[in-house]
Amino acid sequence: MIERQIKLNATEDVQEFVKEAAKCSFDIDISYDRVIIDAKSFLGVLGLGVSRVLTVTYCGKDMDFENTVQKYAVA
């Protein structure tokens, strides 16, 4: 299981992230505090709020998705 911290700063960032997540065949969750949302749901991810540090959890490998996660990764 891979867990990474990301920050999506705008609606366009959420849209790009969800688009890449939707291409993956494995499950991807995104969480803030104790709320866990399917990362393939645009409204769900947007509902968590932009400009927050979110936790992405997934089990699988997809280079395009990995690159997207890295793009929004928090140091």
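This text follows the structure it describes.
Since the model is a prediction, treat every value here as computed from it, not as a measurement.

Lay out unusual backbone geometry with the relevant residues and their values.
Of note, Asp 33 is a non-glycine position whose phi angle comes to about 55°, a positive value. Within the secondary structure, Asp 33 sits in the loop between β2 (28-32) and β3 (35-38). Of note in the backbone geometry, Ser 51 takes a positive phi value of approximately 65° without being a glycine. Within the fold, Ser 51 resides in the loop between α2 (42-48) and β4 (53-58).

Talk me through the nonpolar core; I want residue IDs and the actual numbers.
Grouped together as the largest cluster of nonpolar side chains are 20 residues, with contacts concentrated most on Ile 6, Leu 8, Phe 17, Ile 28, Ile 30, Val 56 and Phe 65. Secondary structure elements with two or more residues in this core: α1 (11-22), β2, α2, β4 and α3 (63-71). When residues of this core are assigned to their parent elements, the largest contribution, four residues, is made by α1. In this structure, Leu 8 is in contact with Asp 13, Val 14, Phe 17, Val 45, Val 50, Ser 51, Arg 52, Leu 54 and Tyr 72, ignoring residues within four places of it in sequence.

Can you tell me about α3, naming the residues and giving the values?
Of all the residues in α3, the buried ones are Phe 65, Glu 66, Thr 68 and Val 69. Viewed along the axis of α3, the buried residues span an arc of 160°, placing them on a single side of the element. Turned more than 90 degrees off the buried face of α3, the exposed positions are Met 63 and Lys 71. For α3, the side-chain oxygen to backbone nitrogen distance between the N-cap and Asp 64 is 3.2 Å, and the N-cap itself is Asp 62.

Reading guide: rules and limits
Residues numbered from 1 in each chain as written. Predicted model: local features only at pLDDT ≥ 70, side-chain atom pairs only at ≥ 80, totals over all residues. Heavy atoms only, no water. Helix = DSSP H or I, 4+ residues; strand = E, 2+ residues; numbered from the N terminus. Core = buried A, V, L, I, M, F, W, Y, C linked by side-chain atoms within 4.5 Å. Buried < 20%, exposed > 50% of the residue type's maximum accessible area, 1.4 Å probe, protein only. Contact = heavy atoms within 4.5 Å. Arc of directions from axis to C-beta. Polar contact = N/O pair within 3.5 Å; in protein donor to acceptor, adjacent residues only side chain to side chain.

By themselves, these figures tell us nothing about what the structure is for.
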